[in-house]
Amino acid sequence: ACMLCHRAAADPDVCGHKLEADRLCAHEFCLFFANKLSQQGVEEVGLRGFLPEDIRHTINRAAQQHCFICGESGATITCRETGCDRSFHLPCATGGECVTQFLFQYRSFCWEHSPKQTVEAAPEDDTTCLICLDLVGDRRSYSVMVCPACKHAWFHRGCIQGQAVRDGISRFQCPLCRDRDAFLSEMLTMGIRIPFRLPSQDSLAYGALSERHSRCDASECLCPGGREQVDEEGPWYLLLCCSCAAEGIHRGCSYLRNSMASWECDSCA
């Protein structure tokens, strides 16, 4: 079992791979999130650069800390909010609605102090997760998230975490509107782990089936270059339907005001 979380089996999407050396065993991210445990400059030393004596000291110090979620001792992670002493094991984080940010600082927050999405949107009763196609319920919650860009893409936290691991940092994007910048930043803030690697074969196969729609579907296209011309900005920038992303229209063909950033096709409207 991991000597930091005491689990022999844990979700590798969250805890990472199990590492063993110097009679020590720990999950990769249990090490990174542990209180006051610092990685040295040389990864070949100890466990990924974490020195054996530092790991043992962390284990001894955490023996008196009880996880506020499962109640067991040995909780090595404490909420980063000043004055909050809630501690927990990394595999317990999801069950306790904690957010663990897989950024370079590896910050952790309990349910009370974790960041919340600020998008003013709520799913309809029959809204389904874009990844597993199961219902998401009628409200946002810790386990139900929405794309901050299009505000129409709903998904379960566990589903988008699995998608992030498959896609990697180079391909991860909103599964509906294909936004990358705002979506990626929000997901990192909300505790989704996005590996810094190339996409998996499963992700590449899925991407080949879901290429971004790239033609204007207006009843009368006004673009001199035709329906296939798509510019990065201006009147011939292609707006995708904010609900289905299966149809598009040039901004210049939509008669929308320049201040409007979204468009909905006739079928979805």
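Reading the values: the criteria
Residues numbered from 1 in each chain as written. Predicted model: local features only at pLDDT ≥ 70, side-chain atom pairs only at ≥ 80, totals over all residues. Heavy atoms only, no water. Helix = DSSP H or I, 4+ residues; strand = E, 2+ residues; numbered from the N terminus. Buried < 20%, exposed > 50% of the residue type's maximum accessible area, 1.4 Å probe, protein only. Contact = heavy atoms within 4.5 Å. UniProt positions renumbered as here; feature names shortened; annotations may be inferred. 1 Å grid on protein atoms, 1.4 Å probe; cavity = no way out; pocket = protein on both sides within 12 Å on 5 of 7 lines; lining within 4 Å. Points joined across faces, edges and corners; volume = space filled by probe spheres on them. Salt bridge = Lys/Arg side-chain N within 4 Å of Asp/Glu carboxyl O.

Caption draft 1: Layout of the environment of Ala164. With respect to the secondary-structure elements, Ala164 resides in helix α4 (residues 157-167). Classification of Ala164 as buried rests on a relative accessible area of 0%. The sequence separation of Ala164 and Pro195 amounts to 31 residues, and the corresponding C-alpha distance is 7.4 Å. Residues in contact with Ala164, not counting those within four places in the same chain, are Phe172, Ile192, Arg193, Ile194 and Pro195.

Caption draft 2: Local environment of the UniProt feature "domain: RING-type" (unreviewed entry) in the protein chain. Mapped onto this numbering, the UniProt entry gives "domain: RING-type" (unreviewed entry) at residues 129-178. Split by type, residues 129-178 is 22% helix and 12% strand. Its first and last C-alpha atoms lie 16 Å apart.

Caption draft 3: A look at the layout of surface pockets. The calculated volume of the largest pocket comes to roughly 570 Å³. Along its surface, the largest pocket is lined by 25 residues, and Glu28, Phe29, Phe32, Tyr106 and Arg193 are the ones closest to its centre. Those elements that place two or more of their residues in the lining of the largest pocket are α1 (12-15) and α2 (28-33). With three residues, α2 is the single largest residue contributor to the lining of the largest pocket.

Caption draft 4: Expanded view of unusual backbone geometry. Of note, Arg23 is a non-glycine position whose phi angle comes to about 60 degrees, a positive value. Judged by its relative accessible area of 81%, Arg23 falls in the exposed class.

Caption draft 5: Main features of the pattern of salt bridges. Evaluated as defined, the whole model comprises four salt bridges. Between Glu228 and Arg215 there is a salt bridge; the shortest N-O distance is 3.2 Å. Linking Glu228 in the loop between α6 (201-209) and β9 (238-240) with Arg215 in the loop between α6 and β9, this pair joins segments that are 13 residues apart in sequence. Taking the relative accessible area as the measure of exposure, Glu228 reaches 53% and is therefore exposed. By relative accessible area, which is 30% here, Arg215 ends up partly exposed. By sharing partners, the salt bridges in this structure join Arg215, Asp217 and Glu228 into a single network.

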